[in-house]
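Secondary and tertiary structure notes
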Amino acid sequence: MSGWSDEGAGERRGQAGTAGERPQKPLPPGWSVRPRGMRQRPPRNLDVRPERRPARSPDGGRPPDSGRPRDAGQPRRPRRWGRRVGAVLLVLVVLLVGLGVWVDSRLNRVDALPDYEGRPAATPGADWLVVGSDSRQGLDESRRRQLGTGQAAGRRADTMMLLHIPRGTGKPSLVSLPRDSYVPIPGHGRNKLNAAFAFGGPPLLARTVEQVTGIRLDRYMEVGFDGFASVVDAVGGVQICPKTDMRDPMAGLDVKAGCQLASSKKALAYVRARHSGRGDLDRVERQQEFLGSLVDKVTSPGVLLHPFKGISLLRTGTDAVAVDEAAHVWNLIRFPFAMRAIAGGGGVATTVPVAGGASIPGVGSVVQWDRERALALFEALQRDQPVDGLVDR
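This section reports on the structure supplied with the text. Quick caveat, the model's predicted, so the values are computed rather than measured.

Structural notes on the side chain of Thr159
Here Thr159 is to be found in strand 3 (residues 157-165). Classification of Thr159 by relative accessible area gives buried; the value is 16%. Within the structure, the side chain of Thr159 is placed 2.9 Å from the side chain of Gln287, a separation counted as a polar contact. Those residues within four positions of Thr159 in sequence are excluded, and the remaining contacts are Val130, Val131, Gly132 and Gln287.

Here it is in structure tokens:
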């Protein structure tokens, strides 16, 4: 056959055929036989090209007839988990910031801490004046009967507590100031501490506390009867643990000894009752107990992580309390955690040292402080020092 360069090729093919071997196929035009193992190349002027690998299909995979699994041997696209997690975190941050702005816009603010000549200098840590007033504002006739608050007009301080949150990792301290404490009130002589609230509202009460303690107040928080009851209802009741059976018709209280879940009416009566062995001193202990139980319930995962309960509580809480004009939601965050620490034994809860009681003409029954011990307590708080050894617990 023409085109072959090896004249003995036909003879070799014939010999192979006689030996039973498979006859070799004819070579393409322009090709020649080379020793085994050498690469065969077509002439440069011959328009013969080797078969190319099929291209990828439009969807990025290999064609069905490629003979290999889809994407075999190809690097996989990196998963975008980092971007997804970042997007989720960004959404959460935006929601939290939006929630904080919403809560901050709903806060009720009062001018409780105005500056004045002779005001104590700032001290380390944060000092709060927490006030529970007996204001009936916001209570209609049916709500007053339901809670048993009576018909008294005006607004008086029913509960006063000084909360000190130390700088750093120290223990927070909660000091109750009995409402009948006999103290000097600027511009009004000596009288019961709660009379300052009646004479001049939050500003005069805060000034009186600063003057008798020597501690400059950083924050002010007040809650009335309606707000108190609304918060208790919002969390589904709060546990109280009276040590003995208690009955006080004046406060509408009738409970048995032992821990029990109290509704808003029972809880309000529990913290207002005064007819007991030590009167106002027993009362402030129950108020501390109840406040710790309430904060513990409010900050529990069952309330905070429940979307409906949490939002309802925030709405109710912002309606229930009043704070000083300079307070913002980020300033208030430490309050519930400090109270929770105190309730759990990680802080100090006490009452200002008392020397005894007396009856003052024109004023009535009062509580007199143990001046020396009280000053030692307040000086330790001024210096942001522990008070464990200075109080009765």
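Here's the deal with empty space enclosed by the protein
Within this structure, the stated rule accounts for one cavity of 30 Å³ or more. By volume, the largest cavity amounts to about 50 Å³. Residue lining of the largest cavity: Asp158, Thr159, Met160, Met161, Ser176, Leu177, Pro178, Arg179, Asp280, Arg283, Val284 and Gln287, and that is the complete set. Taken together, the residues that form the lining of the largest cavity break down as five nonpolar, three polar and four charged.

Describing the packing of aromatic side chains
Scanning the model with the defined rule gives two aromatic pairs in all. Centroid distance Trp128 to Phe335: 5.1 Å. Interplanar angle 35 degrees. Geometry classified as tilted. Residue Trp128 is found in strand 2 (residues 126-133), and its partner Phe335 is found in helix 11 (residues 334-343); the two are separated by 207 residues along the sequence. Here the two residues Trp128 and Phe335 agree in accessibility, since each one is buried. Taken together, a centroid distance of 5.9 Å and an interplanar angle of 55 degrees make the contact between Trp369 and Phe378 tilted. Each member of the pair, Trp369 as well as Phe378, is classed as buried. Its guanidinium or amino end placed over the ring of Tyr116, Arg207 lies 4.4 Å from that ring's centre, counting from NZ or CZ.

Scoring rules and cut-offs
- Residue positions are given per chain, counted from 1 along the sequence in the order it is written.
- Reporting of local features is limited, given that this is a predicted model, to residues whose pLDDT is at least 70; pairs of side-chain atoms are given and counted only at 80 or more, and all residues count toward the totals for whole chains, interfaces and linings.
- Side-chain numbers here rest on the full set of heavy atoms in the structure, without hydrogens or water.
- By definition, any uninterrupted DSSP run of H or I lasting at least four residues is a helix, any uninterrupted run of E lasting at least two residues is a strand, and each is numbered from the N terminus.
- Categorising residues by exposure relies on relative accessible area from a 1.4 Å probe, with only protein chains included: less than 20% of the type maximum marks a residue as buried, more than 50% marks it as exposed, and the intermediate range marks it as partly exposed.
- In protein, a polar contact requires one atom able to donate a hydrogen and another able to accept it; more generally it is a pair of N or O atoms within 3.5 Å, and residues adjacent in sequence count only if both atoms are side-chain atoms.
- Residue contacts are counted whenever heavy atoms from the two residues lie within 4.5 Å of one another.
- Here a cavity is any set of points on a 1 Å grid over the protein atoms alone where a 1.4 Å probe fits but cannot get out, and a pocket is any open set with protein on both sides within 12 Å along at least 5 of 7 lines; a residue lines the site when it has an atom within 4 Å of a point.
- Grid points are joined across faces, edges and corners, and a volume is the space filled by probe spheres set on the points.
- Three residue categories are used. Nonpolar comprises Ala, Val, Leu, Ile, Met, Phe, Trp, Tyr, Cys and Pro, charged comprises Asp, Glu, Lys and Arg, and polar comprises the others, including Gly.
- Aromatic rings from Phe, Tyr and Trp, taking only the six-membered ring of Trp, are treated as a pair when their centres fall within 6.5 Å; an angle between ring planes under 30 degrees marks them as stacked, one over 60 as edge-to-face, and anything in between as tilted.
- Lysine NZ or arginine CZ positioned within 6 Å of the ring centre and within 35 degrees of the ring normal marks a charge as sitting over the ring.

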